[in-house]
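# Chains, contacts and geometry: an overview
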Amino acid sequence: MVPFSLCPSHPSSSLKLYLSQFTLTPLSDLSGRKRRATSCRFVVLSTHSNPKILKSNRRSRYGQPLSPYDDQEEDVEAYHFADVSDDDWLLNDDFAEVSVFDVNGKKSKPHKGFANGHLNGENAKSVAEKSFIGNYDHGSKKARQASLDVARNGKRASRKNMEDRFPRLSEEIGMDVKWLPLIDYLSTFGFKESHFIQMYERHMPSLQINVCSAQERLEYLLSVGVKQRDIRRMVLRQPQILEYTVENNLKSHVAFLMNLGIPSSRIGQIIAATPSLFSYSVENSLKPTVRYLVEEVGIKEKDVGKVVQLSPQILVQRIDISWKSRCSFLSNEIGAPRESIVKMVKKHPQFLHYSIDDGLLPRINFLRSIGMCNSDILKLLTSLTQVLSLSLEENLKPKYMYLVNELNNEVHSLTKYPMYLSLSLDQRIRPRHRFLVSLKKAPKGPFPLSSFVPTDESFCQQWGTSVDKYLAFRQRLLLKEFAEKYERKG
């Protein structure tokens, strides 16, 4: 037996080798001469392991012949997760390890002539034509040529249709006609041409995903509570989400969240707020982060789910660096003990990713400037950590000025009623104060800050008036203030 190859091998080729056996009958046997049959073994280099290559006359919805690779797209998808530092204020997450998820349990590299797991234009055309011709060995040359002409005409028609519908995509990024099914599907979620260009610039392979795979993944996210209106924002922030498989990625991450004690009704909100969550390994990144919150920060296990609901981003940030730096700052700046800082994390974990120089320090300095000592600041921040998130110019300063000038209160009243700083000046504080003044029921001296805390119904009952009367007064006041602001701007 003499082994030989029907096609040349290449040392750099990633094509799989398959051994096929053929028995040949010599021509001499056909002439009637009796001679021992000779057997030869041939090593056949096969370009595919998929038997569907024999079905090369399949057509897409746009009339073009499908490459034998189209149905096997997920077998050659390479998962490349970009840096997930797009969560606005988040730090680069060196602590949370980005995970690469296999497709169907396999890691595959693109073949030569592939771009990101897909055939480039010239190679796709070559493979399609060769497989097309190979199935018609007994047909005439003229018939084969006619069939190829039909395929080319269908391709030109599809491209013309694409250019008419998406002129910017065709002009700016050289859109591939094979992307059309996915683009049509994503358009049902409100995607526009500019959004697809953004996806291309952010993570181009996301536009090469098989539409059936993308649909399966997005439908799963919808089934666990993600709102349809949030899909577009999620995909634009994290286009890689179209690549994450349901079985190997999405389900395991949802199960992780539920094991933290997060109710199923909140899962969709957490995913929508932090879609980059799926790019982190559950075992190597997310679970270590939770362990750090429990063992190093001091959050009780039963409270971890509540903390994550308040700030899902805490799972994808460098929690070790964030915690140590802010704990050290608050301890040195206002003498905060560790127990008080842990309470702050439980009430408002977002402050762990607020800037120290541009966020925490300016607000602490403002509280000092209005006469509060470090112990008062600590008491205020422990009770209402959200103060660290409020705007100085549009929130804290106007409320302080109204407190002193209109309500005749002193700054120390804030330590007793820190809730005052979290209430809306336009929607609650000013309307209730002015309403009681108009009824001549406002007490002389400092206005009681406790009147701003109850609901509208309790407030009106407390002061012997009706809710309808108060709401009508508030509406007139808001319209008047709006008109005054409009005139000042004009």
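Please read these numbers as outputs of a predicted model, since none were measured by experiment.

All told, the structure shown has 10 aromatic pairs when counted by the stated rule. By the ring-pair criterion, three or more aromatic residues cluster together here, those being Phe 435, Phe 459, Tyr 470 and Phe 473.

With respect to the helices, strands and loops of the structure, Pro 443 is situated in the loop between helix 19 (425–438) and helix 20 (456–462). Sequence-distant contacts of Pro 443, that is, excluding residues within four places in its chain, are made with Pro 448 and Trp 463.

Excluding glycine, most residues fall at negative phi; most peptide bonds, likewise, are trans. The phi dihedral of Asn 408 is positive, around 55°, even though this residue is not glycine. Secondary-structure assignment places Asn 408 in the loop between helix 17 (392–405) and helix 18 (413–416). Residue classification places Asn 408 among the partly exposed positions, given a relative accessible area of 45%. Notably, Lys 440 is not glycine yet its phi reads approximately 60°, a positive angle.

Now for the packing of helix 5 (residues 180–187) against helix 7 (residues 211–223). The contact between helix 5 and helix 7 brings their axes to 9 Å, and the two run at 25°. The pairing of helix 5 with helix 7 is recorded here as roughly parallel in orientation. Touching Pro 181, Leu 182, Tyr 185 and Leu 186 of helix 5 are Val 211, Ala 214, Gln 215, Leu 218 and Glu 219, all from helix 7.

For the rest of this paragraph, the subject is the pattern of salt bridges. Applying the stated criterion across every chain, the model contains 13 salt bridges. We note a salt bridge from Arg 233 to Asp 230, for which the minimum N-O separation is 3.7 Å. Taken together, the residues Arg 233 and Asp 230, both in helix 8 (residues 228–237) and 3 residues apart, mark about one turn of the helix. For Glu 247, the salt bridge identified is with Lys 251, shortest N-O distance 2.9 Å. Within this pair, Glu 247 and its partner Lys 251 are both found in helix 9 (residues 246–259), separated by 4 residues, close to a single helical turn. A residue is classified by how much of its surface remains accessible, and Lys 251, at 36% relative accessible area, is partly exposed. A single network of salt bridges, built from pairs that share partners, joins Lys 302, Asp 303, Lys 306 and Lys 346.

Conventions we followed
- Residues numbered from 1 in each chain as written.
- Predicted model: local features only at pLDDT ≥ 70, side-chain atom pairs only at ≥ 80, totals over all residues.
- Heavy atoms only, no water.
- Phe/Tyr/Trp six-rings, centres within 6.5 Å; stacked < 30°, edge-to-face > 60°.
- Helix = DSSP H or I, 4+ residues; strand = E, 2+ residues; numbered from the N terminus.
- Contact = heavy atoms within 4.5 Å.
- Buried < 20%, exposed > 50% of the residue type's maximum accessible area, 1.4 Å probe, protein only.
- Axes fitted to C-alpha atoms, helices over the stretch in contact; angles between N-to-C directions.
- Parallel < 35°, antiparallel > 145°, perpendicular 65-115°, else oblique.
- Salt bridge = Lys/Arg side-chain N within 4 Å of Asp/Glu carboxyl O.

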